[in-house]
Structure formats: C-alpha cells, structure tokens
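A look at the structure
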Amino acid sequence: MTMHLLSGDRPRSVVLTVLLLAILAALALAPFLFPGVRSLETAARICIFIVLVASYDLLLGYTGIVSFAHTMFFGIGAYGVALGLTHMGSTPGAMLAGTLLGALAAAVLALAIGLFSLRVRAIFFAMITLAVASAVAVLVSQFSALTGGEDGLNYKIPRALTPAFRLGEVAGLKITGKVLNYYLVFFVSLALFLLLLRVVNSPFGRVLEAIRENEFRAEAIGYKVVWYRTIATCLSAAVAALAGSLFAIWLRYVGPDTTLSFEIMLDILLMVVIGGMGTMYGAVIGATIFVLAQNYLQALMGVAADATASLPLLPQLFDPDRWLLWLGLLFVLSVYFFPTGIVGRLRAGR
Amino acid sequence: MTQTLLETHGLTVRFGGHVAVDAVSCAFRAGELTAIVGPNGAGKTTYFNLISGQIAASAGRVTLLGEDITRKSVAERCRHGLGRAFQLTNLFPSLSVLENVRLVIQAQRHTGFSLLSMAASHTELTVAAMAVLERVRLDRLKDQPVSALSHGNQRKLEVAMLIALDPKVYMFDEPTAGMSVDEAPVVLDLIAELKAERDRTILLVEHKMDVIRSLADRIIVLHNGALAADGPPAQVMASDIVQEAYMGKELTDV
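All values derive from a computational prediction rather than experimental measurement.

It is worth spelling out the overall build of chain B at this point. Counting its secondary structure elements, chain B contains ten helices and ten strands. Whereas a compact globule of 254 residues would reach a radius of gyration of roughly 18 Å, chain B reaches 19 Å, a difference of no more than 12%. Projected onto its principal axes, the C-alpha positions of chain B cover 60 × 40 × 40 Å. Surface summary for chain B: the accessible area is close to 10600 Å², and the carbon and sulfur share equals 52%. Taking the 25 positively charged and 29 negatively charged side chains of chain B as two groups, their mean positions are separated by 4 Å.

What follows is about the packing of aromatic side chains. Residues and elements named next belong to chain A. Enumeration according to the criterion identifies 19 aromatic pairs over all chains in this entry. Pairing phenylalanine 49 with phenylalanine 74 gives two aromatic rings, centres 6.1 Å apart and planes at 45°, and the pair type is tilted. With phenylalanine 49 in helix 4 (residues 37-63) and phenylalanine 74 in helix 5 (residues 70-88), this residue pair connects regions lying 25 residues apart in the sequence. This pair shows no difference in class: phenylalanine 49 is buried, exactly as phenylalanine 74 is. On the basis of an interplanar angle of 25° and a centroid distance of 5.7 Å, the ring pair of phenylalanine 204 and tyrosine 228 is categorised as stacked. Taken as a pair, phenylalanine 204 in helix 10 (residues 203-213) and tyrosine 228 in helix 12 (residues 225-251) lie far apart in primary sequence, 24 residues in all. Residue phenylalanine 204 shares its accessibility class with tyrosine 228, and that shared class is buried. Following the ring pairs from residue to residue traces out a cluster consisting of Tyr182, Tyr183, Phe186, Phe187 and Trp250. In this structure, arginine 38 is placed above the aromatic ring of tyrosine 296, and the distance from its NZ or CZ to the ring centre is 5.1 Å. Its end group placed over the ring of tryptophan 250, lysine 178 keeps NZ or CZ at 4.1 Å from the ring centre.

Time to look at helix 18 (residues 341-348) of chain A. Among the residues of helix 18 of chain A, Gly341, Ile342, Val343, Gly344 and Arg347 of chain A are the ones counted as buried. Those residues of helix 18 of chain A that are buried lie in contact with helix 2 (14-28), helix 14 (262-275) and helix 15 (281-307) of chain A.

Glancing now at the layout of surface pockets. Vacant regions in the atomic arrangement are exposed by a probe of water-molecule size rolled over the atoms. By volume, the largest pocket amounts to about 1000 Å³. Along the walls of the largest pocket sit 31 residues, with Arg12, Glu209 and Arg347 of chain A together with Ser94 and Leu95 of chain B positioned nearest its centre. Those elements that provide at least two residues to the lining of the largest pocket are helix 10 and helix 18 of chain A together with helix 3 (97-108) of chain B. Each residue belonging to the lining of the largest pocket can be placed in one class, and the counts come to ten nonpolar, ten polar and eleven charged. By volume, the second largest pocket is sized at about 510 Å³. Lining the second largest pocket we find 19 residues, and of these Leu6, Leu20, Leu24, Leu190 and Phe193 of chain A sit closest to its centre. At the level of secondary structure, the elements contributing two or more residues to the lining of the second largest pocket comprise helix 1 (2-5), helix 2, helix 4, helix 9 (177-200) and helix 15 of chain A. In terms of residue class, the lining of the second largest pocket is made up of 16 nonpolar, three polar and no charged.

What follows deals with the pattern of salt bridges. Residue and element names in this part refer to chain A. The tally for this structure, following the rule as stated, stands at 21 salt bridges over all chains. One salt bridge in this structure joins arginine 206 and glutamate 209, with 3.8 Å as the shortest N-O distance. Of this pair, arginine 206 and glutamate 209 both sit in helix 10, separated by three residues, roughly a single helical turn. The class of glutamate 209 is buried, set by a relative accessible area of 14%. Ionic pairing is found between glutamate 213 and arginine 212, a salt bridge with its closest N-O pair at 3.4 Å. On the accessibility criterion, arginine 212 (30% relative accessible area) is partly exposed.

Our next topic: empty space enclosed by the protein. Tallying each qualifying case throughout the model produces one cavity of 30 Å³ or more. In this structure, the largest cavity is lined by Ala220 of chain A together with Ser52, Gln54, Val74, Arg77, Cys78, Leu82, Gly83, Arg84 and Phe86 of chain B. Mapped onto the lining of the largest cavity, the elements with two or more residues apiece are helix 2 (74-79) and strand 6 (82-84) of chain B. Split into classes, the residues belonging to the lining of the largest cavity amount to five nonpolar, three polar and two charged.

The next subject is the sheet that holds strand 1 (residues 4-15) of chain B. Residue and element names in this part refer to chain B. Taken in spatial order, the four strands line up as 2-1-4-5 in an open sheet, and their pairing is antiparallel. The open sheet has two free edges, formed respectively by strand 2 (18-29) and strand 5 (67-68), since each of these has just one partner strand. Two elements, strand 1 and strand 2, share eight bridges in a ladder whose sense is antiparallel. Following the sheet pairing, leucine 11 is matched in strand 2 by valine 24. Across the sheet, helix 1 (residues 44-52) is in contact with strand 1, strand 2 and strand 4 (59-64); its angle to strand 1 comes to roughly 115°.

What counts as what
- Per chain, the residues get numbers from 1 upward, laid out in the order the sequence is written.
- Just so you know, chain letters begin at A and ligand numbers begin at 1, following the order they were written in.
- Local features in this predicted model are restricted to residues of pLDDT 70 or higher, and side-chain atom pairs are both shown and tallied only at a pLDDT of 80 or more, whereas totals for entire chains, interfaces and linings draw on every residue.
- For side-chain calculations, the full set of non-hydrogen atoms in the structure is used, while hydrogens and water are omitted.
- Working definition: helices are DSSP H or I runs of at least four residues, strands are E runs of at least two. Numbering for both runs from the N terminus.
- Both definitions apply: the radius of gyration is a C-alpha atom measure, and the globule rule equals 2.2 Å times residues to the power 0.38.
- Computed with the Shrake-Rupley method and a 1.4 Å probe, the accessible areas treat only the protein chains shown as cover for residues.
- Neither His nor the chain ends is counted toward charge; the positive residues are Lys and Arg and the negative residues Asp and Glu.
- For charged residues, the charge sits on one atom: NZ in Lys, CZ in Arg, CG in Asp, CD in Glu.
- Two rings from Phe, Tyr or Trp (for Trp, the six-membered ring) form a pair when their centres sit within 6.5 Å of each other. Planes less than 30 degrees apart are called stacked, planes more than 60 degrees apart edge-to-face, and all others tilted.
- When a residue's accessible area, from a 1.4 Å probe over protein chains only, is under 20% of the maximum for its type it is buried; when over 50% it is exposed; and in between it is partly exposed.
- Whether a charge sits over a ring depends on NZ of Lys or CZ of Arg being within 6 Å of the ring centre and within 35 degrees of the ring normal.
- The contact criterion used throughout is that any non-hydrogen atoms of two residues lie within 4.5 Å.
- A 1.4 Å probe that fits into a set of points on a 1 Å grid over the protein atoms alone but cannot get out defines a cavity; an open set with protein on both sides within 12 Å along at least five of seven lines defines a pocket, and lining residues are those with an atom within 4 Å of a point.
- Grid points are joined across faces, edges and corners, and a volume is the space filled by probe spheres set on the points.
- Note on residue categories: nonpolar means Ala, Val, Leu, Ile, Met, Phe, Trp, Tyr, Cys or Pro, charged means Asp, Glu, Lys or Arg, and polar means any other residue, Gly included.
- Each reported salt bridge corresponds to a side-chain nitrogen of Lys or Arg within 4 Å of a carboxyl oxygen of Asp or Glu.
- Any two strands with at least two DSSP-identified bridges between them are counted as paired.
- What counts as an axis is a line fitted to C-alpha atoms, over the stretch in contact for a helix, and the angles between N-to-C directions run from 0 to 180 degrees.

Below you can see the structure in the form of structure tokens.
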C-alpha cells in the first residue's frame, strides 16, 4: 500500500527515510505540536513550497529543462483564486473556479511557450521564459484596476477557513477555520506531491529522463521529444499554479512580491539544488530546510548574539541583521559539500 | 522477386558549396546485407544521416516500405520501421542497462504517454527487454548504469537497442569499432542472425575487410559523395574504380 502510494520509489537511505517521516509527522500534526500563529504559518509555507519545488524538479531534474517562469505560474494560480474570490463572492465555488481557471491558464500559457520555443536550444528556452515572466510581472503591476498593482489584492475567503469559524476542541486545541485551512493546504499538497512522484515513476517519467540524458537518441528510438517536453512543462506549470492557489487561500492576500518576484524563483532553484535534483524527495528536504532557515535563522542568531555578548567580535558576527550573510554562507557550503544535493549525498553514503 | 524495403532516389545534400552526398540512387532489398565502403570523408555517415533523418536532404527522395519519408522527422521514420545504431556510442548514460532497452520497447508499444501508471508495473516491457539482453549476453549487467560498462559492452548494448526496436531496415555504423578481438564476434554473430531473418534489410558501414567479406551480399562504394560502384563483393572489390579510388593496391596483398 505504502509502496503503491510512493509509486515504488523508495527513499533508498535509512537517514532519508527517517527525515522524511519526521517531516511528514511534523507537518501532519503541526497545529497540535506547534500551536503558534508563526509556526503554523511556517508549516503551511513548507507544504506549499514542497509542491512548488517538486513541480520545478519535474522540469529541471527529470527533463533537463531550465525555466525561469516558474514563479509566473505560481502567481497565475494565486491571482486566479484572488480574482475569483474578489469578483464572484467568498464562496467555495468561487475559490474552486479561480483555482481551476488559474491552473488551466498556466497550462495553456506553458503550452504556448513550449510549442513556440522548446524546439530550440535549451538556453533560448530559458531566455524566453525569463522574458515572458518579466513581461507578466510588469503587466500585473501596471494593470492595477484588475490586479491591485503593487499593492496586490486583499479578499475574503469562505468563512469556514477563517479564524473566526470555531468547531470545538480536539486534544486541547481549538479547531478554528484556520486549522481547517491548514489541513486543506496539507492534504492538497500531499496529494499533489504523490501525484508528481507517480508521474516521474511512470513510463512517461522514464521518457523524460531519457530526454534529459540523450535527447538525440530519444528521438532516434521513436519518441517525439518536443511533445514530451511540452507536456512536462504544462504539467509542471499547472501544479505550480495549484500551489499558488493554496498560497493565496492561506494568506488571504496576493501581491507581486509574494507570488511573482524573481527572488522566489531563486529560492526555488536553491531548494531544488540543495535538496537534490531529479529525486522528488529533494524537494521535501530542500523546501523544509530553506523555509525553516528563512524563518528562524534570524531568531537563532539573536540567541547566539546574546549568549556571546561578553566575547569580542562574535556578537557582531551573530547580529540578527546579518542573517542573510549566514544564509548565503550556508548555501555556498551545502552546494560545495553536497553537489548532488542532500538526497544524492544520503543515497550515495549507504 | 524480393521486396525493396528502402530506396534513395538522387539523394543529395550540400553544405554551402560542398556536395557531401551527390545524387545517390540505390535500392535495398529484403534479406540483403549491404556494406557501404569508401575512404574517410566519402559521405558514408552523411548518407546514413540523410536516410535516418538527422539531416535534411537538399534534393532527392527517400522511400521506406514504399512511402516517401523525405520530409518525416527522425521519430516518425523510426516508427515507420527504420532503426539505426550509432558510430559513437549514443546511449542514456546514467540510466541502467535494462532501462535503456526498456525505453526502446516502450517506444514501440506506445506506452510513453502513460502518466499515471507505474513504470515498474509494466512487466511485459521488462520481460521483452530481458529477452533482448539475454540475446546479447548483457542480462547479468542489467542493473548497472550504462556509464559503468566497458566500451565493448556499450557497443553490445547499442546493438541490443536496435534489436529491441525490431525495425525493417537495420543501419549499423561501424558496429565493432573499438571492440576487443574477443568481443567483436558476439556482435558480428548477432548481425549474421539478423540477416538470416529474411524479411529485413541491413545497411552496414564498415572498414574491416574481413567483416565485409564474411557478411556482405553486396557492396556499394561512395567516393566524394557519389556512388562509385555497386555489386556483389567479389566484383566490386576487383573493379578498377575500387582498386584505384579506395583500396589502392593494399587489397591485392590481403
């Protein structure tokens, strides 16, 4: 049963299995284990980024396609929900319609970009995605009548998903709409991740790997490479859009900075590389570590600075304002020591 | 009368002012093994590339099983019955031996667009792939990544990929290049076996005269891109043009 859910793709490392189970348990029980607002925020963000990063891994790690438009698809999903809820009222139907239309729009746009440019060399595809993503970001910030411009959109989500909605108590925890909202994010993310895991272990996934390895030969044994690449791009875009929709439902706000910025694109790239490309499980590890570091490194450094207050130099180094420096350093080190990502390292070290 | 499987009509390709393949017309019949010879740069591999579709023809046509395939893509030609092994080993290096062959069989059976089934559950693909691997004696290495194989075994796998494709027209480009003396016969025996299945045609680019002598039913000679000779081995090797243009006087010494 478990193997079937995982599509026969074992973690293939004891340490990795333990890590994955720990992350799964922590996320599944997050509202009970870490009942703060901030920690639930972090847990939801981890769930969403696992899906987003896994969908990017389908492109980069499995098919060998470099795209810079992944946040654009994420943003399209987010704005889909935002527009649905703004214009059709705060009903579950509007939310669902926005989600599906967002995913559809992302897939259609990916199809257009794919058919237009996947025949050409990889570097041109990367450049075209960069151009389209920049164009969309500019459009969104300029089209303020529809998108709210730089300010973004605030909207109401169905009441059952808000903190104002109360359902009673389980194990000492007040079950509010916020908790329901978290579980919506958690289960949809889990389902999407398992779906992606299935896709990469399907006959289709094998062809993607063959294309990554040797596109020329894949064509020579009878696979229409352009179509496989295009389908992978569309699927990846649609899943990224669904992750964006979850993010919009969770945050109750969308804006260019939170969903479309190039910084998020860089974060996704780092998470894939740190976790391990072409492994899917790398997305889980990469996203978890990265989001935790983003949220808690500053606090941890504050503690370290206080603890070393009496020593020379160290307090300045650990000053919470320098957290980005340390984050950068951590990434340089992790890429240096784990060129195949954490998952690749763990699997090799059996 | 035996059936013509593949035919080129005035097939030509120009790169700028240079004519690499010059109006080559030739028919390849079922049950026949044709060796294509000629000095380096004579256009042998380019001729192969034109037939299998890696480069587009400037003029002329290619017909496969009676159908004009001149404008078809590499993948379409492959699906239509054309299989090619490459001169430089051209595999999926980090995938396993079994996976390489399974991918070929999967392409044949059109399961590539199945997104939601598990690859491992398609046991019929695995069984068929294993049968091919046994034939080339690579079955014991099935789980090795291709990059870990010796050069000779990679060449064998290259042949296995072609057998798995089960084409009507086999194209081998120096299949034993770089193989050791004990490894080469395995590949040559396989080619002989394929030849014995009378409904195929085999095209072989080869430099080694002993290989050509033992396998070929017919030799065509390319010289500066043009067809210089075509006929049974004994006749072609004895012809003046081959003596002069290609073999020099070496052949008489052999």
